[in-house]
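Letter by letter, the chains look like this.
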Amino acid sequence: MSIKSTKTPITGKILIVEDNLDLLSLLHRVLRAEGYEVIMAVSGEEALGRAEELPDLILMDIRLPGEIDGLEATRRLKADSRFTRIPIVGMTAQLMEEKAIAGFNELLFKPIEVDHLIAIVGRWMGERQPKN
Ligand code: MN
């Protein structure tokens, strides 16, 4: 696969939460190639810990093993004042009604199309508030 971008890269840190390691690896590779710093988690529990590194955007798989799935992790992050402002894009294979409840800012449907992913991430990263 070749990943080309003629845009000026937008820098920033993205947390990817995904238990499918092949998909995690693909997302990591694509977003690194776009110039982003990428941190990763494979479970909801790990995601909550990684969030303390204050990523600019979180890509959250909804179906995760263990007690904290992507819905619960998102609810907890959105309920925590340290993390409320961080946009969370849910990744799911199914249309679901839980988006509003959990507080996802957007949903990205699987199978994930790389150009679409890059566009969505670029939009959120471009819109993010400067840190102070
Ligand atoms: Mn999953």
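For every chain, the first residue of the written sequence is number 1, and numbering continues from 1 along that sequence. Per-residue local features are limited, in this predicted model, to residues with pLDDT of at least 70; the limit for side-chain atom pairs, both in listing and counting, is 80 or more; totals at the level of whole chains, interfaces and linings are taken over all residues. To get the side-chain values, take all heavy atoms of the structure and skip hydrogens and water.

Trainee: Would you take a moment to explain the nonpolar core for this structure?
Mentor: The tendency in soluble globular proteins is for nonpolar side chains to be buried as a group. Each nonpolar core is a collection of buried residues, namely Ala, Val, Leu, Ile, Met, Phe, Trp, Tyr and Cys, held together in the definition by side-chain atoms within 4.5 Å. Note on exposure labels: buried denotes an accessible area under 20% of the residue type's maximum, exposed denotes more than 50%, and partly exposed covers the range between, all computed with a 1.4 Å probe on protein chains only. I14, I16, L31, L57, L59, L117 and V121 are the most contacted members of the largest nonpolar core, which has 22 residues in total. Counting residues per element, the ones that place at least two in this core are β1 (13-17), α1 (21-33), β3 (57-61), β4 (88-92) and α5 (114-127). Under the scheme used here, helices are H or I runs from DSSP no shorter than 4 residues and strands are E runs no shorter than 2 residues, and both carry numbers assigned from the N terminus. Ranked by residues supplied to this core, first place goes to α5 with 7 residues. Residues are treated as being in contact if the distance between any of their heavy atoms lies within 4.5 Å. Once residues lying within four places of it in the same chain are set aside, the contact partners of L117 are L27, V30, L31, L59, L108 and I112. M60, L77, F83 and I86 belong to the second-largest nonpolar core, a separate cluster that totals 21 residues.

Trainee: Could you clarify how one ought to interpret the coordination of the manganese ion in this entry?
Mentor: For a metal with four tetrahedral donors the ideal donor-metal-donor angle is 109.5 degrees, while six octahedral donors give ideal angles of 90 or 180 degrees. Only nitrogen, oxygen and sulfur atoms within 2.8 Å of the metal, or 3.2 Å for Na, K and Ca, are treated as donors, and water is left out, so sites may look incomplete. Looking at the metal site, the manganese ion is ligated by D19 (OD), D61 (OD) and R63 (O), spaced 2.0 to 2.2 Å from it. Each donor residue of the manganese ion lies on the same chain, and together they follow the pattern D-x41-D-x1-R.

Trainee: How should I be thinking about unusual backbone geometry in this particular structure?
Mentor: Trans is the common state for peptide bonds, and a negative phi is the common state for residues other than glycine. Looking along the chain, the bond that leaves K110 and enters P111 is cis, with omega of 0 degrees. Position of P111 relative to the elements: it lies in the loop between β5 (106-109) and α5. Located in the positive-phi region is L54, a residue other than glycine, with phi close to 50 degrees.

Trainee: When you look at the sheet that holds strand β2 (residues 37-41) in this model, what are you seeing that I'm missing?
Mentor: Strand pairing within a sheet occurs via backbone hydrogen bonds; the two strands may be parallel or antiparallel. Taking strand neighbours across the sheet as the criterion, the 5 strands line up as β2-β1-β3-β4-β5 in an open arrangement whose pairing is parallel. The open sheet is flanked by β2 and β5, the only strands paired with a single partner. Adjacent strand axes in the sheet meet at a mean angle of 20 degrees when their direction is disregarded. Relative to β2, β1 runs parallel, the two sharing 5 bridges. If you follow V17 over to β2, its bridge partner there is A41. Axis geometry follows a simple rule: fit a line to the C-alpha atoms, using only the stretch in contact for helices, then measure angles between N-to-C directions, giving values from 0 to 180 degrees. Along the sheet face, α1 touches β1, β2, β3 and β4 and points at about 165 degrees away from the line of β2. Sheet strands in contact with helix α3 (residues 70-78) are β3 and β4, and its direction is about 150 degrees off that of β3. We call two strands paired when DSSP finds no fewer than two bridges between them.

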